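# Structural overview
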Amino acid sequence: MVIIMKELVEVIAKALVDNPDEVVVTEKENGKNITIELHVAPADMGKVIGKQGRIAKAIRSVVKAASSKENIKVDVEII
């Protein structure tokens, strides 16, 4: 399940940025809590966050919806 969440964030991020080769997604698992870290090029940070954080919020909502069936909590951090 973690791999699916990681791939989901990676696919979404690569579709948004100008430098898809610089997108790196890592995950940290702690029991039923999973933290997915998204690293993008500094020039692409605004595209991933969006105006007033709308795109970042949407990415988190999609991941939360996908993980809710598995009874795990997934946090997405944009670094």
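Our subject is the structure that appears above.
We now turn to the structure provided with this report. The model shown is predicted, which means the values in this text are computed figures rather than measured ones.

## Quick look at the environment of E29
- Among the structural elements, E29 can be located in strand β1 (residues 24-30).
- With relative accessibility at 57%, the residue E29 sits in the exposed group.
- Spatially, the C-alpha atom of E29 lies 9.2 Å from that of V74, the residues being 45 residues apart in sequence.

## Side note on the sheet that holds strand β3 (residues 73-78)
- Reading across from one edge, β1-β2-β3 is the order of the 3 strands in this open sheet, with mixed pairing throughout. Looking at which strands have only one partner, the edges of the open sheet turn out to be β1 and β3. On average, each strand axis in the sheet is tilted by 20 degrees relative to the strand beside it, whichever way the strands run.
- Bridge count between β1 and strand β2 (residues 33-39): 7 bridges; the pairing is antiparallel. From the neighbouring strand, V25 faces β2, where its bridge partner is L38.

Here is what the cut-offs are and how they apply
- Residues numbered from 1 in each chain as written.
- Predicted model: local features only at pLDDT ≥ 70, side-chain atom pairs only at ≥ 80, totals over all residues.
- Heavy atoms only, no water.
- Helix = DSSP H or I, 4+ residues; strand = E, 2+ residues; numbered from the N terminus.
- Buried < 20%, exposed > 50% of the residue type's maximum accessible area, 1.4 Å probe, protein only.
- Pairing = 2+ DSSP bridges.
- Axes fitted to C-alpha atoms, helices over the stretch in contact; angles between N-to-C directions.

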